[in-house]
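Listed below, chain by chain, are the residues.
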Amino acid sequence: MCIRDEREETPWPVIQEAAKVGIYSLDFYAQQYFDPTGLGIPMAMEELFWGDAGIALSIVGTGLAAVGVLANGTEEQIGTWIPQMYGDANDVKVAAFCSSEPDAGSDVASMRTRAVYDEAKDEWVINGTKTWATNGGIANVHVVVAVVDPELGSKGHASFIIPPGTPGCSQGQKFKKHGIRASHTAEVILDNVRVPGSCLLGGKEKLDERLARAREKAKQGGERVKNAAMATFEASRPAVGAMAVGTARAAYEVALEYATTREQFGRPIIDNQGVAFQLADMRTQIDAARLLVWRASWMAVNGKPFTAAEGSMSKLFASETAKKVTAQAIQILGGNGYTREYPVERMHRDAAIYTIFEGTSEIQRLVIARTLSGMPIR
Ligand SMILES: Cc1cc2nc3c(=O)[nH]c(=O)nc-3n(C[C@H](O)[C@H](O)[C@H](O)COP(=O)(O)OP(=O)(O)OC[C@H]3O[C@@H](n4cnc5c(N)ncnc54)[C@H](O)[C@@H]3O)c2cc1C
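Residues numbered from 1 in each chain as written. Predicted model: local features only at pLDDT ≥ 70, side-chain atom pairs only at ≥ 80, totals over all residues. Heavy atoms only, no water.

Trainee: Looking at this structure, I do not really get the overall build of the protein chain. What am I missing?
Mentor: Looking only at helices and strands, one finds twelve helices and eleven strands in the protein chain. Whereas a compact globule of 378 residues would reach a radius of gyration of roughly 21 Å, the protein chain reaches 22 Å, a difference of no more than 12%. Judged by the C-alpha coordinates and their principal axes, the protein chain covers about 80 × 50 × 40 Å. A total of 378 residues make up the protein chain; the buried ones form 46% of that total. Within the protein chain, contacts between residues at least 6 apart in sequence are counted, and of these 71% link residues at least 24 apart. (Helix = DSSP H or I, 4+ residues; strand = E, 2+ residues; numbered from the N terminus. Rg over C-alpha atoms; globule rule 2.2 N^0.38 Å. Buried < 20%, exposed > 50% of the residue type's maximum accessible area, 1.4 Å probe, protein only. Contact = heavy atoms within 4.5 Å.)

Dropping the structure here:
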């Protein structure tokens, strides 16, 4: 039984320990960035999530916000804000990336959080409600995506830094969850939040240029533009696939061990093909998932084009595998599998998140099908 899971509390001492050994830091990700195999991140994710997915997400959740700044921020913004996201080993901090809203989950273009520029003061005024934010409200730094031009749909969005202690930025309800309970998930309320112009990621000049290009494209009849955000997702989704591989492998290992020691009808249950073949399938699917994840991770660091949405493919297969394998593990453990005395019950609850966040399985299929066909499949 995992105490953090039972209590649904953020494992601050574990995050601190991770900071001490260097896993909870930007340096860790920066080092991996220069590894041409691309395998450092997926291997680290697999091992962390093999342990406990909720605790692991508490350690890696800040990375989502950090990537948001790395992808869109200026060098000055990166240097200013990322260190404040992590804090240091003696005083660890976390960060949150806030995009999803009550009416804008898969349909990001329905976002309502609005950012309006107050030219006289060179400030942005942000209003809206974000939901499902990992570390939302407990973060030192929040990265918030907001609408700056409602006419342009998702092309009219921009990302903002909300510095620590900014008035008007507060936590709404904290969600009680099915799984990954040690990871904090909450609403973030933005009530007339004012941030300096320098908090617009990438800066105003770049935003104005981007909006002008998008308006021009819209005038020309809405020609489909390759979205840079899509390429970023293809590169980041394999990391979620690796998390799923970690949880699946942990459940498989528990099931294998149990099947070799638990005896019924005078022999270990693994002596029955009905059990042994399940384990064979579980292991085959986990290894296949890992190879898809590693392929996409290698493609991302080597700048290979994702012509078949290989990043989404890896996330889809690995997350569905984790759900399936953890359910099979419960079945192999029988009544014990259904109790909290054994970890597979938690792993099954944890695995359910992988087919939901960073794009649901249905959205991954949509992305893959659109990429393969070039058609606007709905
Ligand atoms: C624990 C947790 C942590 C999260 N962390 C963050 C975070 O840190 N930051 C953040 O911004 N968000 C976060 N999210 C939000 C997450 O990304 C969304 O929940 C996810 O994108 C799905 O959106 P939704 O929940 O609104 O579901 P919906 O979009 O309402 O989807 C509901 C169902 O309809 C299906 N569906 C929707 N559209 C289509 C379609 N076109 N075709 C076929 N099926 C469709 C979906 O696949 C799904 O099965 C988190 C969510 C959870 C649960």
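Trainee: What am I meant to see in the pattern of salt bridges here?
Mentor: Oppositely charged side chains are able to pair whenever their charged atoms sit close together. Enumeration over the complete set of coordinates arrives at 22 salt bridges. Between Glu 6 and Arg 340 there is a salt bridge, with its nearest N and O atoms 2.8 Å apart. Taken together, the positions of Glu 6 in helix H1 (residues 3-7) and Arg 340 in the loop between helix H10 (310-337) and helix H11 (344-351) put the pair 334 residues apart, joining distant regions of the chain. Note on Glu 6: relative accessible area 31%, which makes it partly exposed. Residue Arg 340 is classed as partly exposed on the basis of its relative accessible area, which comes to 39%. A cluster of three or more residues bridged by salt bridges with shared partners is formed by Glu 46, Glu 47, Arg 249, Glu 253, Arg 283, Asp 287 and Arg 290. (Salt bridge = Lys/Arg side-chain N within 4 Å of Asp/Glu carboxyl O.)

Trainee: I keep staring at the environment of Ala 242 and nothing clicks. Help me out?
Mentor: For Ala 242, the location among the structural elements is in helix H8 (residues 228-261). Separated by 77 residues in the primary sequence, Ala 242 and Ser 319 have C-alpha atoms spaced 8.9 Å apart. Setting aside anything within four residues of it in sequence, one finds Ala 242 in contact with Pro 42, Met 45, Glu 46 and Val 293.

Trainee: What am I meant to see in the packing of aromatic side chains here?
Mentor: In this description, a pair of aromatic rings is defined by centroid distance and the angle of the planes. Using the criterion set out here, one finds seven aromatic pairs in the structure. Where Trp 132 meets Phe 175, the ring centres are 4.6 Å apart and the plane angle is 25°; that geometry is what we call stacked. Of the two residues, Trp 132 is situated in strand S5 (residues 123-134) and Phe 175 in the loop between strand S8 (169-174) and strand S9 (185-196); the sequence distance between them amounts to 43 residues. Assessed through its relative accessible area of 53%, Trp 132 is described here as exposed. Among the aromatic side chains, those forming a connected cluster through ring pairs are Tyr 117, Trp 124 and Phe 160. The ring of Tyr 117 has Lys 204 sitting right over it, with the charged end atom 4.9 Å from the ring centre. In this arrangement the basic side chain of Arg 237 is found over the ring face of Phe 233, its NZ or CZ atom lying 4.7 Å from the centre. (Phe/Tyr/Trp six-rings, centres within 6.5 Å; stacked < 30°, edge-to-face > 60°. Lys NZ or Arg CZ within 6 Å of the ring centre and 35° of its normal.)

Trainee: Could you clarify how one ought to interpret the packing of helix H4 (residues 40-51) against helix H5 (residues 53-72) in this entry?
Mentor: Angle between the axes and distance between the axes: these two values describe a pair of packed helices. Where H4 contacts H5, the axes come no closer than 6 Å and their chain directions differ by 135°. Judged on the interaxial angle alone, H5 and H4 are oblique. The handedness of the crossing between H4 and H5 comes out as right-handed. When H4 is examined against H5, the residues Met 45, Leu 48, Phe 49 and Gly 51 are found in contact with a partner set consisting of Ala 53, Ala 56, Leu 57, Ile 59 and Val 60. Classifying every residue of the contact of H4 with H5 gives eight nonpolar, one polar and no charged. (Axes fitted to C-alpha atoms, helices over the stretch in contact; angles between N-to-C directions. Parallel < 35°, antiparallel > 145°, perpendicular 65-115°, else oblique. Left-handed = near helix turned anticlockwise from the far one by under 90°. Nonpolar A, V, L, I, M, F, W, Y, C, P; charged D, E, K, R; others polar.)

Trainee: What's the story with the nonpolar core in this structure? I'm lost.
Mentor: Burial of nonpolar side chains together is a common tendency in soluble globular proteins. Ranked by internal contacts, the top residues of the largest apolar core, which has 83 residues, are Tyr 24, Phe 49, Met 85, Ile 126, Phe 160 and Tyr 354. Ranked by the residues each element gives to this core, the list is headed by H8, at twelve residues. (Core = buried A, V, L, I, M, F, W, Y, C linked by side-chain atoms within 4.5 Å.)

Trainee: Where do I start with the site of the ligand in this structure?
Mentor: The full set close to the ligand counts 20 residues, and Phe 97, Ser 100, Ser 106, Thr 360 and Glu 362 are the nearest of them. At 2.6 Å, a side-chain N or O of Thr 360 approaches an oxygen atom of the ligand. Compared with its free state, where it exposes 970 Å², the ligand has 66% of that area covered by protein. When residues of the shell around the ligand are traced back to their parent elements, those giving at least two are S5 and helix H12 (361-373). Partitioned by chemical class, the residues of the shell around the ligand number ten nonpolar, seven polar and three charged. (Near = heavy atom within 4 Å. Polar contact = N/O pair within 3.5 Å; in protein donor to acceptor, adjacent residues only side chain to side chain. Areas by Shrake-Rupley, 256 points an atom, 1.4 Å probe, with all protein chains shown as cover.)

Trainee: Could you clarify how one ought to interpret unusual backbone geometry in this entry?
Mentor: Backbone geometry follows two general trends: most residues other than glycine have a negative phi, and most peptide bonds adopt the trans configuration. Despite not being glycine, Trp 132 shows a phi value in the positive range, around 60°. Residue Ile 180 is not a glycine yet carries a positive backbone phi of 30°. Take Ile 180: it is sitting in the loop between S8 and S9. A residue is classified by how much of its surface remains accessible, and Ile 180, at 5% relative accessible area, is buried.

Trainee: Teacher, can you tell me more about the environment of Asn 72 here?
Mentor: Examined against the element boundaries, Asn 72 turns out to sit in helix H5. For Asn 72, a relative accessible area of 36% corresponds to the partly exposed category. Sequence separation between Asn 72 and Gly 203 is 131 residues; the distance between their C-alpha atoms is 9.2 Å. Apart from the residues lying within four places of it in its own chain, the contact partners of Asn 72 are Ser 159, Leu 201, Gly 202 and Lys 206. Within the structure, the side chain of Asn 72 is placed 3.2 Å from the backbone oxygen of Gly 68, a separation counted as a polar contact.

Trainee: Just checking my understanding: could you explain the pairing of strand S7 (residues 157-162) for this structure?
Mentor: A regular strand places its side chains so that they alternate between the two faces of the sheet. Counting buried residues in S7 gives six out of six residues, a clear majority hidden from the surface. Burial along S7 is two-sided: His 157, Ser 159 and Ile 161 and Ala 158, Phe 160 and Ile 162, pointing in opposite directions, are all buried. In terms of strand pairing, strand S6 (residues 141-147) meets S7 through six bridges, oriented antiparallel. Each residue of the ladder has a partner; that of Ala 146, found in S7, is Ala 158. (Pairing = 2+ DSSP bridges.)

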